[in-house]
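A structural walkthrough
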Amino acid sequence: MDRLFNILISLLPGDPFRGFLDSFAGIPYLGYLNWFIPVGRCLQIGAAWLAAIVGFYAVQFLIKQIGHLSCLVGGGS
């Protein structure tokens, strides 16, 4: 199973942002800034917020599509 997973992963392209993110390693005092402004935590919160918004719109879209489908099938108003 691990071999199959490794083969599938090897087919995917590389990370296009790796060079950009690696360039941050040379910035002095970035660790001290991260102590005052927890960038990692901000990114986690932003990702959770974005997932909630995408989920909300996905549910709204599904509700709308089910409503359209029920009008077509049931012939209601």
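Relevant structure appears above.
**Some details on the overall build of the protein chain**
Check the secondary structure of the protein chain and you find four helices and zero strands. Moving toward the C terminus, one meets the helices and strands of the protein chain in the order α-α-α-α. Since a compact globule built from 77 residues should have a radius of gyration of about 11 Å, the 22 Å found for the protein chain marks it as more spread out than a globular shape. Taken across its 77 residues, the protein chain has 0% of its residues classed as buried. For the protein chain, the exposed surface amounts to about 7,400 Å²; the carbon and sulfur share of it is 73%.

**Overview of the layout of surface pockets**
If you add up the space inside the largest pocket, you get close to 170 Å³. Those elements that place two or more of their residues in the lining of the largest pocket are helix 3 (30-36) and helix 4 (39-74). Residue composition of the lining of the largest pocket, grouped by class: five nonpolar, two polar and no charged.

**What to know about the pattern of salt bridges**
Scanning the entire structure with this criterion turns up one salt bridge. In this structure, Asp 22 engages Arg 18 in a salt bridge whose closest nitrogen and oxygen atoms are separated by 3.9 Å. With Asp 22 and Arg 18 both in helix 2 (residues 18-22), this residue pair falls four residues apart, about one helical turn. Taking the relative accessible area as the measure of exposure, Asp 22 reaches 43% and is therefore partly exposed.

**Brief notes about the packing of aromatic side chains**
Throughout the structure, instances matching the rule amount to three aromatic pairs. On the basis of an interplanar angle of 90° and a centroid distance of 5.0 Å, the ring pair of Trp 35 and Phe 36 is categorised as edge-to-face. Their ring planes at 70° and their centres at 5.4 Å tell us that Phe 56 and Tyr 57 sit as a pair that is edge-to-face. On the basis of relative accessible area, Phe 56 is assigned to the partly exposed category, the value being 46%. By relative accessible area, Tyr 57 is classed as exposed at 55%.

Parameters and conventions
- Residues numbered from 1 in each chain as written.
- Predicted model: local features only at pLDDT ≥ 70, side-chain atom pairs only at ≥ 80, totals over all residues.
- Heavy atoms only, no water.
- Helix = DSSP H or I, 4+ residues; strand = E, 2+ residues; numbered from the N terminus.
- Rg over C-alpha atoms; globule rule 2.2 N^0.38 Å.
- Buried < 20%, exposed > 50% of the residue type's maximum accessible area, 1.4 Å probe, protein only.
- Areas by Shrake-Rupley, 256 points an atom, 1.4 Å probe, with all protein chains shown as cover.
- 1 Å grid on protein atoms, 1.4 Å probe; cavity = no way out; pocket = protein on both sides within 12 Å on 5 of 7 lines; lining within 4 Å.
- Points joined across faces, edges and corners; volume = space filled by probe spheres on them.
- Nonpolar A, V, L, I, M, F, W, Y, C, P; charged D, E, K, R; others polar.
- Salt bridge = Lys/Arg side-chain N within 4 Å of Asp/Glu carboxyl O.
- Phe/Tyr/Trp six-rings, centres within 6.5 Å; stacked < 30°, edge-to-face > 60°.

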